[in-house]
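Descriptive structure summary
Residues per chain are reported as follows:
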Amino acid sequence: MPYTKVMQQLKENLQVAYRQAIDCDNRLDELRKAGHGKFVAIFNEEQGFTQKSNRFLPYVQELATEFETMQESVHTAPETLEAFVKKLAMLLQTLQVFKLQSK
């Protein structure tokens, strides 16, 4: 695969997203116990995710599945890679904002 270094960096970012999602989901649990966090989904369909969840981990799992598919593919289309990167960046940014605002 010609994107070896790119794929390695994406994998590392996905691992960061996973760890942050666990922390943020725990914080969401705390907020729900306090009567907050009454929303249906973090992302909507226009943002490219097929998942609909009020937790972060299902979105990370969706991206992990997409990543595995890209790794198994002999030729990953640039458009596929670009869409994945946009979703991963959006997830990481949302996780970061949530962490800062929920302190």
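1. Observations concerning the nonpolar core
- Among the nonpolar cores identified, the biggest contains 24 residues, and Phe-56, Phe-84, Leu-88 and Leu-91 are the most heavily contacted of them.
- Listing elements by their share of this core, those giving two or more residues are helix 1 (4–33), helix 2 (57–72) and helix 3 (78–101).
- When residues no more than four places from it in sequence are discounted, the contact partners of Leu-91 are Ala-17, Phe-43, Phe-49, Phe-56, Tyr-59, Val-60 and Leu-63.

2. Some thoughts on the packing of aromatic side chains
- With the rule as written, the count across this model stands at 5 aromatic pairs.
- Ring geometry for Phe-56 and Phe-98: centres 5.6 Å apart, planes at 55 degrees, overall tilted. Remark: Phe-98 occurs in helix 3 and Phe-56 occurs in the loop between helix 1 and helix 2; sequence separation between them is 42 residues.
- Owing to a relative accessible area of 3%, Phe-56 belongs among the buried residues under this scheme.
- With relative accessibility at 17%, the residue Phe-98 sits in the buried group.
- By way of ring pairs, the aromatic residues Phe-43, Phe-49 and Tyr-59 are connected into one cluster.
- The ring centre of Phe-39 lies 5.6 Å from the NZ or CZ of Arg-32, which sits over that ring.
- In this arrangement the basic side chain of Lys-87 is found over the ring face of Phe-49, its NZ or CZ atom lying 5.4 Å from the centre.

3. Examining the side chain of Ser-53
- Following the sequence through the fold, Ser-53 ends up in the loop between helix 1 and helix 2.
- Classification of Ser-53 by relative accessible area gives buried; the value is 10%.
- A distance of 3.0 Å separates a polar atom in the side chain of Ser-53 from the backbone nitrogen of Arg-55.
- Ignoring any residue separated from it by four or fewer positions in sequence, one finds Ser-53 in contact with Val-40, Ala-41, Ile-42, Pro-58 and Tyr-59.

What counts, and at which threshold
- All residue numbers refer to positions counted from 1 along the written sequence of the respective chain.
- Owing to the predicted nature of the model, reporting of local features is limited to residues with pLDDT of at least 70; listing and counting of side-chain atom pairs is limited to 80 or more, with chain, interface and lining totals taken over all residues.
- Hydrogen atoms and water are omitted, and side-chain values are computed over all heavy atoms in the structure.
- Buried residues of nine kinds, namely Ala, Val, Leu, Ile, Met, Phe, Trp, Tyr and Cys, make up a nonpolar core once their side-chain atoms join them within 4.5 Å.
- In this scheme, a residue with accessible area under 20% of its type's maximum is buried, one over 50% is exposed, and one in between is partly exposed, where area comes from a 1.4 Å probe on protein chains only.
- Secondary structure elements are taken from DSSP: a helix is a run of H or I of four residues or more, a strand is a run of E of two residues or more, and numbering for both begins at the N terminus.
- Note on contacts: a residue pair is in contact if any heavy atoms of the two residues lie within 4.5 Å.
- Only rings of Phe, Tyr and Trp enter the pairing, Trp through its six-membered ring, and a pair is recorded when the two centres are within 6.5 Å. The plane angle decides the type: under 30 degrees is stacked, over 60 is edge-to-face, the rest tilted.
- To sit over a ring, a charge needs its Lys NZ or Arg CZ within 6 Å of the ring centre and within 35 degrees of the ring normal.
- N or O atoms closer than or at 3.5 Å make up a polar contact, with two conditions inside protein: a donor-capable atom paired with an acceptor-capable one, and, for residues adjacent in sequence, both atoms drawn from side chains.

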